[in-house]
Amino acid sequence: LPQPVYEPAMQTLLRWARETPDQPALVQGSLCWSYGQLGERASDLAKTLLALGCRRGDVVAVTGFRSPALIAGMAAAMLSGGVLLTLDPALPPLRQQTMLREAKARWLLVFADRLPDDPPWSGTDLRVLLADPALGTVSDAPDAGDTSAIDLAAVELPAVDAGDPAYIFFTSGT
């Protein structure tokens, strides 16, 4: 039998965003994001990463508490051609540092109202982007550059191949 060929997951997400933009994609309590909203936010975050210098294969860590915006950030990491690393903010700081170092993360999307005073990533060369946890938009990029002048319409998402690396997961060892 021939090997089945599937559309890459992020291309499926963008197709659903085009074809069914008003259909619910993510629901958390009373908050509901449509496929159109999810596709737009994920694409805009990916284009912001690209405009700031993110390259194919760069490891993009994403951290924050559960929200539709966090999911958009995860999709953005892959839409940019980057490799997703999820970083649970509840993990001990040393574990977070180890994960970032071992994965060779270059970018960090933080979904929070503000950056912590003493973040586990301080002293690294990570390019950190603070993203609004409700809106899924970049609100500050202290280590990455000015985002206010980025023309998102001028930034094209790269073609992502099904053979490209998509994510790095760390397990508890079980």
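Details of the structure are given in the entry above.
Residues numbered from 1 in each chain as written. Predicted model: local features only at pLDDT ≥ 70, side-chain atom pairs only at ≥ 80, totals over all residues. Heavy atoms only, no water.

Participant: I'd love a proper account of the nonpolar core, names of residues and values included.
Facilitator: Formed by 31 residues in total, the largest nonpolar core has its most connected members in L49, V60, V62, W107, L109, F111 and L129. Counting only elements with at least two residues in this core, the list comes to α1 (9-19), α2 (35-51), β3 (59-64), α3 (68-79), β5 (105-111) and β6 (127-131). With eight residues, the single largest contributor to this core is α3. Discounting residues that sit within four places of it in the chain, L49 has contacts with C54, V60, A76, S80, W107, L109 and L129. Ranked by size, the runner-up nonpolar core spans 15 residues in total, among them V59, L85, A103 and V128. (Core = buried A, V, L, I, M, F, W, Y, C linked by side-chain atoms within 4.5 Å. Buried < 20%, exposed > 50% of the residue type's maximum accessible area, 1.4 Å probe, protein only. Helix = DSSP H or I, 4+ residues; strand = E, 2+ residues; numbered from the N terminus. Contact = heavy atoms within 4.5 Å.)

Participant: Outline the packing of α2 against α3, listing residues and values.
Facilitator: Two measures define how a pair of helices packs: the angle their axes make with one another and the distance between the axes. Running from amino to carboxyl end, α2 crosses α3 at an angle of 50°, the nearest separation of the two axes being 8 Å. By the angle between their directions, the pair α2 and α3 is classed as oblique. The two elements α2 and α3 cross, and the hand of that crossing is right-handed. Here L38, R41, A42, S43, L45, A46 and L49 of α2 lie close against α3, whose contacting residues are I71, A72, G73, A75, A76 and L79. Partitioning the contact of α2 with α3 into residue classes produces ten nonpolar, two polar and one charged. (Axes fitted to C-alpha atoms, helices over the stretch in contact; angles between N-to-C directions. Parallel < 35°, antiparallel > 145°, perpendicular 65-115°, else oblique. Left-handed = near helix turned anticlockwise from the far one by under 90°. Nonpolar A, V, L, I, M, F, W, Y, C, P; charged D, E, K, R; others polar.)

Participant: Can you lay out the pattern of salt bridges for me, pointing to particular residues and giving the numbers?
Facilitator: What the rule picks out here adds up to six salt bridges. Among the ionic pairs, R15 bridges to E7, the shortest N-O distance being 3.0 Å. Judged by its relative accessible area of 25%, R15 falls in the partly exposed class. Residue classification places E7 among the partly exposed positions, given a relative accessible area of 38%. Residue R56 pairs with D164 through a salt bridge whose shortest N-O separation is 2.7 Å. With R56 in the loop between α2 and β3 and D164 in the loop between β7 (138-140) and β8 (167-168), this pair connects stretches of sequence that are 108 residues apart. The exposure class assigned to R56 is partly exposed, which follows from its relative accessible area of 44%. Under the relative-accessibility criterion, D164 is labelled partly exposed at 25%. (Salt bridge = Lys/Arg side-chain N within 4 Å of Asp/Glu carboxyl O.)

Participant: Give me the lowdown on the environment of M74, citing residues and values where you can.
Facilitator: One can find M74 in helix α3. It is 14 Å that separates the C-alpha atoms of M74 and A105, two residues lying 31 residues apart in sequence. Ignoring any residue separated from it by four or fewer positions in sequence, one finds M74 in contact with V62, L84 and T86.

Participant: Describe the sheet that holds β5, with residues and values.
Facilitator: Overall, mixed pairing links the six strands, which are arranged β7-β6-β5-β3-β4-β8 in an open sheet. Only two strands of the sheet have a single neighbouring strand rather than two, namely β7 and β8. Of the pairings in the sheet, the one linking strand β4 (residues 83-87) to β8 comprises two bridges and is parallel in character. Residue pairing for β8: L85 is matched across the bridge by I168. Together, β3, β5, β6 and β7 form the strand contacts of α2, whose direction differs from that of β5 by roughly 140°. (Pairing = 2+ DSSP bridges.)

Participant: Can you explain the packing of aromatic side chains? Please cite residues and give values.
Facilitator: In the structure shown here, the tally under the stated rule is two aromatic pairs. Aromatic pair W16 and Y35: ring centres 5.3 Å apart, planes at 85°, arrangement edge-to-face. One end of the pair, W16, is in helix α1; the other, Y35, is in helix α2, and 19 residues separate them in sequence. Taking the relative accessible area as the measure of exposure, W16 reaches 37% and is therefore partly exposed. The buried category is assigned to Y35, whose relative accessible area is 17%. Between Y167 and F169, the ring centres sit 4.6 Å apart and the planes meet at 40°, which makes this aromatic pair tilted. One Lys or Arg, R41, reaches over the ring of W33 and ends 4.6 Å from the middle of that ring. (Phe/Tyr/Trp six-rings, centres within 6.5 Å; stacked < 30°, edge-to-face > 60°. Lys NZ or Arg CZ within 6 Å of the ring centre and 35° of its normal.)

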